[in-house]
Amino acid sequence: MFTSGWIAGMILLIAPLSLSSLDIIKNDRKVTCSQGLRDCTMMDGTGIDLNTVEVTNLKAQVKLCCRRDTCALCLLFQIKVDLNKPGEDEGHSGLEDDDSMEEEDNEAKTCSVTVCYKTPLGMSKCKKVEFIVNPAKPSHQSTAQISMTVTNAMISYENHLFIDSPDARVDVVNVNVPSLKDVCSSNISIYVQECNAPKMTFFTNKSVNQVELSFIGNDSSLTEVCIQNEINGTCKRWDRKPIPLESVTPCTCFQAWKGDGQTMRSRSCPFKYNTTLSKHIWKNVSLSVQKGFYNSNLSLLWNVSAPCRLEGKLWLCEITPGSTSCKEMKGFRKPVGNDFWTQNSEGFWEKTGIFDEINLKNELCVMLKIKGMQSEMGPFCCISVSVDRWRWSLFAVALMLLFSLTLLVTFCLRNFVKKSVIWSWRHGGLVKIHKAHVLVLSPPDSSGEVSSAVCNLGSLLCSNGFSVTVDQWSRRGQLSSGPLPWAHCQLLSMDRTCERVLLVLTPRAVDRAQNWSCQDSPISDHQEESPYSDVFRASLLAIEAYKNQGRARERFVLVTFDSQWTEAKIFNNKLPEILQGLPLFHFPSQTKELLADLCVVRAQKQAKRSWTWAFPGDRYKGCASLHSKTCETEARLLHHL
């Protein structure tokens, strides 16, 4: 009845292959039953399944089940049942005696036992064993044993398991799964796949003074590596780039692991016994000393920092006035051991101590002697800041605060000053704003629509506080003295009274200015459509005269009407040469920009300039004599208006 495989499995259970907390099972059978039971079958169960026989004892163990070269954690349950006592759902145990041996198979009963296990935060999982009790057993056999091996238990290292049988009167069994570290450090680690951590090897390339890393017999594509100072130090991720040799110390260690969820790591400290690298430690040793209080007494505190934990001695020394050497103070030597070191955020190890009950009359320092180092290090003295240096530092801080405060106030008041200037321009208040006298001249083809727009422009300037002269409003004076003399009178008085001239442009006016620029004599065109066209020609002549002096831009402003010429159709570079370079605005779409250009802030009164126009030809030789007469006639006519 018992096969050789079953016998070998039982031998393995009795004599495990390992002395660790995990035993190896190489038996393929999932369930075994003692003599008197047959047709034992294991299946998935639930927590509501009831036992048909009484469970008197329950044991559980975590094992390592292996099949060929693959091993995994599994659970071994050992159940002891009483065959004479029925379960809760059966009125009999299936062990009824029958004198007739021919009816043995007909009276055989099927029984079952259920075992469940769970972790503290996991769901309960159950396994059920069904078996048939052999009625031909000896009458003295009342108990039987069942062994179940659950290979797909889905448990992890360091789990804590609770195991019980749903309706059995036995205590809950607690089982602790060993850690992966303990398993991998035992002699069964060769059977555990998780213990197969990457193996590292290092090569020192002396030609470039670098240390290079490689792996032995493993695919390094998913391998993660970290570097640490000392075995118990913080391990920081490393990108596996070559390390400068001067950064390597005897306590430099590396850890490697597979980045696919496995947690077992291999550790290597390849430079542990390389004493020539100790000089890299000594170069990075620092010791700071400061005064402080300990138990209400003035003391001297010291702090040693190094890449690795060191051993050595340190002592107090005293520098007397006028001496350059530090004399050791007797009775103040302290050993520095490799214990009680702490690691800072930069990966360096630190150790602190204190010298108390000392006399701080003279300058005290600390000397350090490291084990393995020939010379002493030091002296390390307290850093004292002089009064002058402290005063200069305070002055620099105050200066920076003042500069920052100035920037902050300037930034906060910028919008306030800007709004104040705009308000003053509109209301003539805080800031002295000079509003120029404006002369508005119409184009030579002033239709009813253009004339109305010119009058609207003049009215707008008057409502904004400007002193305005519009040629449309001075037709009576032009009829009395003539349009050309009137224009000369207005233009020649610019330096005394009139400061800005608004020349209104229309497409026809631009064409006339273009024709005027192309002729040899700018006054030879007599084909005018309006008797007031001479005013427009006089303005062109004045622009030419001011351009020769470089002052045309500050005196003349060009204005176009949106209804006559949109902004998309006129640009400075498309104007005739005589008009190019002058400010150009569109009305009424650019009214704000036009008003802002006419309001000029005067820092000081400009010196008066006197100059005389030189007109070509004999026709304008009497222009100067007409000036006085024309102005007197206009003043007289305006008085009657």
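A. Representation of the sheet that holds strand 11 (residues 199-205) within the structure. Ordered by their spatial adjacency, 3 strands build an open sheet running 11-12-15, and the pairing between neighbours is antiparallel. Two strands lie at the open edges of the sheet, namely strand 11 and strand 15 (243-244), each paired on one side alone. Two strands pair when backbone bridges link them, and strand 11 and strand 12 (residues 210-216) are joined in this way by 7 bridges, in the antiparallel orientation. What sits directly across from T201, in strand 12, is S214.

B. Layout of a nonpolar patch on the surface. A grouping of L405, L408, V409 and L413 is seen on the molecular surface, where their side chains present a nonpolar patch of about 350 Å² in accessible area. Mapped onto the elements, V409 comes out in helix 5 (residues 387-427). Residue classification places V409 among the partly exposed residues on the basis of a relative accessible area of 39%.

C. View of the pattern of salt bridges. As enumerated under the stated definition, the model contains 10 salt bridges in all. Close ionic contact of E230 with R309 constitutes a salt bridge, the shortest N to O distance being 3.4 Å. Of this pair, E230 sits in the loop between strand 13 (223-229) and strand 14 (236-237) while R309 is found in the loop between strand 19 (297-306) and strand 20 (312-319), placing the two residues 79 residues apart along the sequence. Look at E230 and you get buried, because its relative accessible area is 14%.

D. View of the packing of aromatic side chains. Summed over the entire model, instances satisfying the criterion amount to 7 aromatic pairs. Ring centres 4.4 Å apart and planes at 35° place the aromatic pair F202 and F254 in the tilted group. Placement of F202 in strand 11 and of F254 in strand 16 (residues 252-258) is noted, with a sequence separation of 52 residues between them. A single burial state applies to F202 and to F254, both of which are buried. Centre to centre, the rings of W238 and F254 are 5.3 Å apart; their planes meet at 40°, and the pair counts as tilted. One end of the pair, W238, is in the loop between strand 14 and strand 15; the other, F254, is in strand 16, and 16 residues separate them in sequence. Classification of W238 as buried rests on a relative accessible area of 14%. Among the aromatic residues, those joined into a ring-pair cluster are F202, W238, F254 and F271.

E. Spotlight on the side chain of S539. The residue S539 is located in helix 10 (residues 533-549) in this model. Accessibility expressed as a relative area gives 0% for S539, which makes it buried. Setting aside residues up to four positions removed in sequence, S539 forms contacts with L441, L491, L503 and F556.

F. Region of the structure containing unusual backbone geometry. A cis amide bond links G378 with the next residue in sequence, P379, at an omega value of 5°. Structurally, P379 is set in strand 25 (residues 377-381). Geometrically, the link from F587 to P588 is a cis peptide bond, its omega value of 10° lying close to zero. By the secondary structure assignment, P588 is in the loop between strand 31 (584-587) and helix 12 (591-598). Look at M154: it is not a glycine, yet its phi comes out positive at around 60°.

G. Molecular detail of helix 8 (residues 483-492). Buried residues dominate helix 8, accounting for 9 of its 10 residues. Listed as buried for helix 8 are P483, L484, P485, W486, A487, H488, C489, Q490 and L491.

H. Region of the structure containing the sheet that holds strand 14. Across the sheet, which stays open at both edges, the 4 strands sit in the order 14-13-16-17 with antiparallel pairing between neighbours. With one partner strand each, in any of the chains shown, strand 14 and strand 17 (266-268) form the two edges of the open sheet. In terms of strand pairing, strand 16 meets strand 17 through 3 bridges, oriented antiparallel. The residue bridging Q255 from the neighbouring strand is R267, located in strand 17.

Rules of the game
- Residues numbered from 1 in each chain as written.
- Predicted model: local features only at pLDDT ≥ 70, side-chain atom pairs only at ≥ 80, totals over all residues.
- Heavy atoms only, no water.
- Pairing = 2+ DSSP bridges.
- Helix = DSSP H or I, 4+ residues; strand = E, 2+ residues; numbered from the N terminus.
- Patch = residues over 30% accessible without salt bridge, like charges linked within 9 Å, V, L, I, M, F, W, Y side chains within 5 Å.
- Areas by Shrake-Rupley, 256 points an atom, 1.4 Å probe, with all protein chains shown as cover.
- Salt bridge = Lys/Arg side-chain N within 4 Å of Asp/Glu carboxyl O.
- Buried < 20%, exposed > 50% of the residue type's maximum accessible area, 1.4 Å probe, protein only.
- Phe/Tyr/Trp six-rings, centres within 6.5 Å; stacked < 30°, edge-to-face > 60°.
- Contact = heavy atoms within 4.5 Å.

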